[in-house]
Structures are given as C-alpha cells and as structure tokens.
Amino acid sequence: MNALAALVQKDLILYFSNRRAILITLAAPILIAAFFGAVLGGPPKKPARVPVAVVDLDASSVSKSMVAAMKADTAFALEESSEPEATARVREGKVRAAVAIPKGFGDEATRALFRADAKRPQVTIYYDPSQAVTLALVKGLLTEHAMKAVSQAAFSGETGMKVIADSRAALKTSPAIDEGERKDLLSLFDSLERVQSRGAAPGASRGLGSQGFSMPFETRDSEVTSGGDRKYNAYAHSFAGMGVQFILFMGIELGVGLLLMRRVGLWKRLRAAPVSRTLLLGSRIVSGTLIALLLVAGIYAAAIAVFGVRIEGSVIGFIGVAIAFALLASTFGLLIAALGRTPEATRGIAILATLLLVMLGGAWVPTFVFPEWLQSATLVVPTRWAIDGLDAMTWRGLGIDAAVFPIGAMLACSAVFAWISMRRFDWEE
Amino acid sequence: MLQATDLRKSYGANAAVAGVSLTVNPGEIVGVLGPNGAGKSTTISMMCGLVRPDAGTVTIAGDAVGEDASAVKRRIGLVPQEISLYEDLSAIGNLELFGALYAITGSVLHERVHAALELVGLADHARLKPATFSGGMKRRLNIACALVHDPDVLLLDEPTVGVDPQSRNAIFANIESLRSRGKAIVYTTHYMEEAERLCDRIVIVDHGRVVASGTKESLRRILPATQVRRAEVEGPIDDEVLAFLAAHGLVVREAEARGSLEDVFLHLTGKQLRDAP
Ligand SMILES: Nc1ncnc2c1ncn2[C@@H]1O[C@H](COP(=O)(O)OP(=O)(O)OP(=O)(O)O)[C@@H](O)[C@H]1O
Ligand SMILES: [Mg+2]
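Residues numbered from 1 in each chain as written. Chains lettered and ligands numbered in written order. Predicted model: local features only at pLDDT ≥ 70, side-chain atom pairs only at ≥ 80, totals over all residues. Heavy atoms only, no water.

How should I be thinking about the overall build of chain B in this particular structure?
Within chain B one finds nine helices and 10 strands. Taking the principal axes of its C-alpha atoms as reference, chain B extends roughly 70 × 50 × 35 Å. Counting all 277 residues of chain B, 44% fall into the buried class. Here chain B has roughly 14100 Å² of accessible surface; of this, 53% comes from carbon and sulfur atoms. Taken together, the 29 basic and 35 acidic charged side chains of chain B have centroids lying 4 Å from each other. (Helix = DSSP H or I, 4+ residues; strand = E, 2+ residues; numbered from the N terminus. Buried < 20%, exposed > 50% of the residue type's maximum accessible area, 1.4 Å probe, protein only. Areas by Shrake-Rupley, 256 points an atom, 1.4 Å probe, with all protein chains shown as cover. Lys, Arg positive; Asp, Glu negative; His and termini not counted. Charge placed at Lys NZ, Arg CZ, Asp CG, Glu CD.)

Is there a simple way to explain the sheet that holds strand β3 (residues 97–101) of chain A in this structure?
Within a sheet, each strand pairs with its neighbour through backbone hydrogen bonds, oriented either parallel or antiparallel. Residues and elements named next belong to chain A. One open sheet accounts for four strands, arranged β2-β1-β3-β4; its pairing is mixed. The open sheet terminates on both sides in strands that have one partner only, identified here as β2 (76–80) and β4 (124–127). The mean inter-strand angle of the sheet, taken between neighbouring strand axes irrespective of direction, is 25°. In terms of strand pairing, strand β1 (residues 50–56) meets β3 through five bridges, oriented parallel. Among the inter-strand pairings, D56 is bridged to a residue of β3, identified as I101. (Pairing = 2+ DSSP bridges. Axes fitted to C-alpha atoms, helices over the stretch in contact; angles between N-to-C directions.)

Is there a simple way to think about the packing of helix α2 (residues 19–39) of chain A against helix α12 (residues 277–307) of chain A in this case?
Two packed helices can be described by the angle between their axes and the distance between those axes. All names here are of chain A. In the contact formed by α2 and α12, the axes pass within 10 Å of each other and the chain directions differ by 40°. Considering their axes alone, α2 and α12 lie oblique with respect to each other. Regarding α2 and α12, the two cross each other, and that crossing is right-handed. Residues T25, L26, P29, I30 and A34 of α2 form the contact with α12, whose participating residues are L295, G298, I299, A302 and F307. Across the contact of α2 with α12, the residue classes tally to eight nonpolar, two polar and no charged. (Parallel < 35°, antiparallel > 145°, perpendicular 65-115°, else oblique. Left-handed = near helix turned anticlockwise from the far one by under 90°. Contact = heavy atoms within 4.5 Å. Nonpolar A, V, L, I, M, F, W, Y, C, P; charged D, E, K, R; others polar.)

In this structure, what is going on with the pairing of strand β1 (residues 2–11) of chain B? I would like to understand it.
Note on strand geometry: in a regular strand, side chains alternate between the two faces of the sheet. All names here are of chain B. Across eight bridges, β1 lies against strand β2 (residues 14–24) in antiparallel orientation. Counted as the bridge partner of A4 is L22 from β2. With five bridges joining them, β1 and strand β4 (residues 55–60) adopt antiparallel strand pairing. Across the sheet, residue R8 finds its bridge partner in β4, namely A55.

Got a minute to help me understand the coordination of the magnesium ion (ligand 2) in this structure?
Perfect tetrahedral coordination of a metal by four donors corresponds to 109.5 degrees between them, and perfect octahedral coordination by six donors corresponds to 90 or 180 degrees. Residues and elements named next belong to chain B. On the protein side, the magnesium ion (ligand 2) has S41 (OG) and Q81 (OE1) as donor atoms, found 1.9 to 2.1 Å from it. On the criterion of sequence distance, the pair formed by S41 in helix α1 (residues 40–47) and Q81 in the loop between β6 (76–79) and α2 (91–101) is long-range, its members being 40 residues apart. Residue S41 is classed as partly exposed on the basis of its relative accessible area, which comes to 22%. Judged by its relative accessible area of 27%, Q81 is partly exposed. (Donors = N, O, S within 2.8 Å, 3.2 Å for Na, K, Ca; no water.)

Please clarify how the interface of chain B and chain A should be interpreted in this entry.
A common way to state how big an interface is: give the accessible area lost once the parts meet. Each partner contributes to the interface: chain B provides 25 residues, whereas chain A provides 23 residues. Interface area, chain B with chain A, both sides summed: about 2300 Å², of which 64% is carbon and sulfur. Of all residues in chain B, L50(B), Y86(B) and L101(B) bury the most surface against chain A, accounting for 30% of the area lost on that side. At the junction of chain B and chain A, the tally comes to one salt bridge. The partner of K268(A) in a salt bridge is E82(B), and the shortest N-O contact between them spans 3.5 Å. Summed over the shared surface of chain B and chain A, the result is eight residue pairs in polar contact (both at pLDDT 80 or more). The dominant element in the side of chain B that touches chain A, judged by the number of residues it contributes, is α2(B), at four residues. Residue classes in the side of chain B that touches chain A are distributed as 15 nonpolar, four polar and six charged. (Buried area = accessible area lost by both parts, 1.4 Å probe. Salt bridge = Lys/Arg side-chain N within 4 Å of Asp/Glu carboxyl O. Polar contact = N/O pair within 3.5 Å; in protein donor to acceptor, adjacent residues only side chain to side chain.)

Sorry, what's going on with the environment of T215(B) here?
Residue and element names in this part refer to chain B. Looking at the element boundaries, T215 is found in the loop between β10 (209–214) and α7 (216–220). For T215, a relative accessible area of 31% gives the class partly exposed. It is 6.0 Å that separates the C-alpha atoms of T215 and I202, two residues lying 13 residues apart in sequence. Leave out the neighbours within four places in its chain, and T215 touches D200 and R201.

What is the right way to read the domain arrangement of chain A from this model?
Structurally, chain A comprises domain 1 (2–40 + 232–424) and domain 2 (50–223). Between the C-alpha centres of domain 1 of chain A and domain 2 of chain A there is a distance of 57 Å. (Domains from an automatic or database assignment.)

Looking at this structure, how should I read a nonpolar patch on the surface?
Together, V233(B), I237(B), V241(B), L242(B) and V252(B) make up an exposed nonpolar region whose accessible area comes to about 370 Å². Residue classification places V252(B) among the partly exposed residues on the basis of a relative accessible area of 36%. (Patch = residues over 30% accessible without salt bridge, like charges linked within 9 Å, V, L, I, M, F, W, Y side chains within 5 Å.)

I tried to follow the sheet that holds β10(B) on my own but got confused; where do I start?
Residues and elements named next belong to chain B. If you trace the six strands from one edge of the open sheet to the other, you get β6-β7-β8-β3-β9-β10, paired in mixed fashion. One side of each edge strand has no neighbouring strand; the edge strands of this open sheet are β6 and β10. Across the sheet, the mean angle from the axis of one strand to that of its neighbour is 15°, orientation sign disregarded. In terms of strand pairing, strand β7 (residues 153–157) meets strand β8 (residues 184–189) through five bridges, oriented parallel. Looking at β8, one finds that D157 is bridged to T188.

What exactly am I supposed to notice about the packing of aromatic side chains here?
In this description, a pair of aromatic rings is defined by centroid distance and the angle of the planes. Residues and elements named next belong to chain A. Counted under the stated rule, the structure contains 12 aromatic pairs over all chains. Between Y15 and F16 the ring centres are 5.3 Å apart and the planes differ by 75°, which places this aromatic pair in the edge-to-face class. Take F16: its relative accessible area is 29%, and that puts it in the partly exposed class. Geometrically, the ring pair formed by Y300 and F318 is edge-to-face, given 4.9 Å between the ring centres and 80° between the ring planes. (Phe/Tyr/Trp six-rings, centres within 6.5 Å; stacked < 30°, edge-to-face > 60°.)

When you look at the packing of helix α13 (residues 315–339) of chain A against helix α16 (residues 382–393) of chain A in this model, what are you seeing that I'm missing?
All names here are of chain A. As a packed pair, α13 and α16 sit with axes 9 Å apart at the nearest point and diverge in direction by 160°. Taken together, the axes of α13 and α16 lie roughly antiparallel to each other. Every pair of crossing elements has a handedness; the one defined by α13 and α16 is left-handed. In this structure, α13 contributes G317, F318, V321, F325 and L328 to the contact, and α16 contributes P382, A386, G389, L390 and M393. Here the residues of the contact of α13 with α16 are counted per class, giving eight nonpolar, two polar and no charged.

Just to check I follow, could you spell out unusual backbone geometry for this structure?
Both trends apply: most residues other than glycine have a negative phi, and most peptide bonds are in trans. All names here are of chain B. In this structure, D150 takes a positive phi of about 50° despite not being glycine. One non-glycine residue, H207, lies in the positive phi region at around 50°. With respect to the helices, strands and loops of the structure, H207 is situated in the loop between β9 (201–206) and β10.

Below you can see the structure in the form of structure tokens.
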C-alpha cells in the first residue's frame, strides 16, 4: 500500500470508527428532510381543498344556488356562518378567506347584468394577508359561480321576467341611446322573453333558460413532472437540501479536524515523513470525498427505501452530481482549514457561512419561491448547483445533459478551493 | 552520521536556539540535557526538517536535511515529545501507517512492524487501540512508530516522561539495543540520572546555548574538587564517626542506605512490565 492509500484508509477508519457520530451525521439529515418533506407536500397527493367561509346575508334563490354551487366545488372546503364568526375564523387562520354576499344581491346582480347604470351589489371578501394568494383563487371561484347563478336567474323564472320588463321600460325612456341601438336591444329582450316563457312551460326541454351561463371551457389539471405514473415528491427536494447541508457540515468537521491536528505531536510525525505537502493535503481531499459520497449514498438509500424518492432522471447523471458535490464538500472543508486560524473560531464562522450558502442554494425552501432578483443572484452559489442537480436527476426526471452544468461548475469550484488551500494552508498554528 | 552546525532559531525576540552544534556517530547515544525551555525540542525539530533554522545546517551522512520530501528524511526516526499516536487505530494500524509513509510495503512492512512490537514488548497488544493503553505502553508504542522504517538516526525527545521505573528500564534497554545495532541516537532529557545512565556523550544546553559538552567523566571534572561535599562510605555510620565529622565542621544531613531508592522500589515491586492485561 502506498502512502496516499494508507493515509486515506486511516482517515476512513477513524471517521467510521466513531459509530455514534456517524449515526448522528446520517440521522440528522434524514429526520430533518423527512420533516421538511412532510410539511412541504409529502409524497404525491391531490391538491388540498382551500378552507373558505361564506356568509349569505341575501338568502335569495340566486344567492342560495350560488352557495350550493360553491359547496360542490372540489377546490374549496366551504363552511357557512355569520359575518362576525366568519371574520373571526379568518383572523384565527382557520379559513383562508370569507365571502360575504350582501342583502339584495340576487335582484341587484340580475339587473346589473343588463344595465350599465344599475347599482352593482358589493361582495366583501375578508382574507388572511399571510395567505394573499388565495384572494385571487376565491375571486375566480366567486366569478364562476356568481355568473352562473345570476345568468340562470336572468333567463328564467319570475325574477328574470321582472328584470326584462324593467329594463325594457328603462330603455324606451332613455334619451341617451340612438334609435337603431334601441331597436336592436328591444328585439334582444323580445327573444329573451320567448326563451323565458318556453322554459316556464311544463315539460319543456332544459335549455339555456334553466342552466344559465356556464364557463365556456373546462380545465383538466395535469402535473408536470417526470411524466409517466410518477408524481412530484416533496421528499426528493428536502433530501437534496438537507443532504447538501449536512455533508457540508461534515466537510467543516474535517477541516476543523485538520486545524486541531496541527496542535498535536502527530502532526510532527506526519511532517517528518518523506511525503510532500500536496500528498498530505491531497489525501484529506480524497478521504473527505469518499466519506461525503458514502453519506450521500446512505441518505438517499433512506430517501428511496422509506420516502418513495426515485431517481427519475439519468442515474449516471445522479452519480456524477453526487461525486462532484462530494469533492466540493471535501475541498470546502480544506479551504476552511486554510483560511481559518484557530479551530474554535473557524468552526463558528464556517457553520454560519454554510447555513447562508445552503439557504441561498435552496436547501430550506426551493429557489423558485425566491424573488426574481434573488433567483438569478443565487445562480453563482455552489450549493444551488448541487441542489438543482440533485433535483434535476430525481423528481424532475431530466437527462444527463441537465447534469452537465452542475457537475462542471462544482468541479471547477472544487479545483479553485483545492488550489487556494494548497497555497494558503499554514503548516503551523 | 548526524552533524548539526551552529543551529539558530528565534521566535520573535526570543532566541529559542542560539548556536547549537553537535555530532553523533553510529552506535553512539548523545544526550541533550537541559531545563524546560532550554531549546531541546526546537533543536530536534530543526534536525529532522520540521523547523527551518534561521542559520546553521544539519546533514546526515553528508546530505542536507530540508523541509521537502527528500530521501534523507527516510534515514531519520523521530519520537516526538508528545505521545503521537492515532488513539483509534490499533497499535499495528499505527505502525503500518507510519511504515507506509516511508514507502515500506508488503512482507518487509509486516516483518518490521512485528520486530518493532517485539522490541518494545507490545507484541501481545498489537490489535488493541492505544486508547486502552497505560501511559508506559503508549510511550513504548510512540518509540516503536519511529522504528518501522529502520532509520539510521533516531531522535528521541524526552521519551520517558510520565512512565514508571519498569517501563523506563525497558525503554533504556530498547535504546541500548538500538545503539548496539549501530544507530546514531540523540536523547533529550532534563533528568541527570537518565543522561548519566544512558549517554556516551552529553551536551548541556541552557537558554538555547551549549554550556558544556563531553563524556560524563570529562563533565564531572568541571566541578572544582573543593565543591565536593558528597562522600560515599562503606560500612555503618555510627556515633563515633558522626562525632569525628562534627569535630571537622561537617554536618551529616542525610544518610542513605546502600543503593538508591529506585533500587529499593524495584526490589519491592519487581522488574516485570506493568502492562494492562
Ligand atoms: N512555535 C513556537 N513559537 C514561539 N515560541 C516557541 C515555539 N516553540 C518554542 N518556542 C520557545 O522556544 C523556547 C525553547 O522551547 P523548546 O520547546 O525547544 O524547549 P525545550 O527545551 O524542549 O523545553 P521542554 O523541556 O519544556 O520541552 C521556549 O522559550 C519556547 O517558549
Ligand atoms: Mg521539549
């Protein structure tokens, strides 16, 4: 066995002889990734229903059919309540928003459908500012069901007939409309009345009159992931993030270990041997890389076996990203040893820097929730390459070409780290 | 074999070593004797290329020792003052690692490792980790680690600190057997008795300077005869003798039975090494 192999073997034996430490290095990322994964979506599943409260102050046939339709909508978990209760529920965070349908909504809305000058009823939406995105969701839902209920009322039954009669009277006396337009509108009302009376007749076929307007399209919701039967698995991202974080911590420990080593007699013994400095530091890079790789393997073994994570993309790409990241973590540790002075101070600063790096790299929350400027700013953060690369090869299911950039960038970065370390490392404290 | 000439090293304003020269021949033990902070360890570090001297040279059989990975380093075995072992590697694992660093491989490595363990009396503990060893066993393994590559020059920096007399005697026996195999040995200590018992020549250093050097006998002659206040007498010291001494103005402060306290200690506890079972 040559000197390099002996040094690497020594590092591996020493690292893995500390079984408790290994268990912690492996258990911590797995537990935390499991937590984040469960919180941020868990295994593949249907989108959750958004809890919304509705207050029907009108209680007209229009508002009632609107509430019934909203209840039937699978996008929401609807609860009916009084206005004070509903606002309290929003404040407590029990529902995301509350919709208050005002008194007189049915009549006013039906009239406003045909007359621009008519008073429009005001529907109040109370919403939780921390969940502002649901406001748009609730508005959309309201629009769909209100249009349907109001138009249904307008084209059928008593309300409709009364509204048409009122509108016709108003149109006849309105001075602001020119003769041609007045004639066209009056003939539109005539046709509407014919539709209404046909709908009212017994045994009539169910036409437009009984159904009202409906959405002129339907949507089919299809998740875009790796395709096939596989669905997005939030664990895939959280394991990438936590794996990266804790393996960088391991890199720090190796770096700090080197600084501690400098204080003891063993260091003299190693340096008295006829081996070059490059070989001594190089052996640390090799052993750090191997340890990091074994940790990646252990963490992903748990992710695959227990949490249903799959390498949907290129397996070779995944291995490539893992190796490049392992090298990055190892050289990062060495860099810390080269730039640090005392082990104590170095460990603190290094952990802080690492937390910052992994946060910006998207280990905690995916980078797509960052504001746009931060998304492009973090493109130069090495941890982002690692996490994006692992994401691409797991749940995104991309091919090896998507791994080329992260691998190349991490290897280049590792080379720079190694070069700086070799030049800057102080052989004595 | 080893030749150090006018070595100097300062740390800031503190001159740790200020002109030390010494020569060691094969089959010779040279003791470097000095109090704490005299510059013994710094001198050893310069002799094996760990510390670059501000001035002076070190050669081994004519080849200069430098900081690089040069071949001359293979001829030096260093036993650092601190116990320098991987506590979680077995004794044999430590020896194999340090052998491999000196490019010793295969069956030669195997033989040398076992010979070194045998020499320091740890063959029965080869597979155990130093973490489980007593202080004396660690000290002996600390020495063995410098022997695997069979160096010509052995630098021992206070190798007996904190060991019991049994281990100390075993270590002395080891070093003497290495001398008989022709090694050139430098031995630092601040115990006079050690230097006296073991060394062929002694260099006394203080404040980084050599204050005296030579054989034990030549060093003893430095003291003027009138300063000698110690006498060894054969036979019982009775009242008559004490009265005679008192008449000549001499006071007996201490009377010792024949042999040292160590002789008594060893007489009572035996010479058996006290290794953990
Ligand atoms: N790396 C260093 N930086 C600064 N001062 C140092 C360094 N190494 C040694 N010294 C100083 O040099 C002097 C000699 O130290 P050295 O360790 O060589 O003494 P020593 O004779 O081996 O002492 P001891 O018996 O305590 O081992 C001391 O004053 C010490 O403080
Ligand atoms: Mg010393």
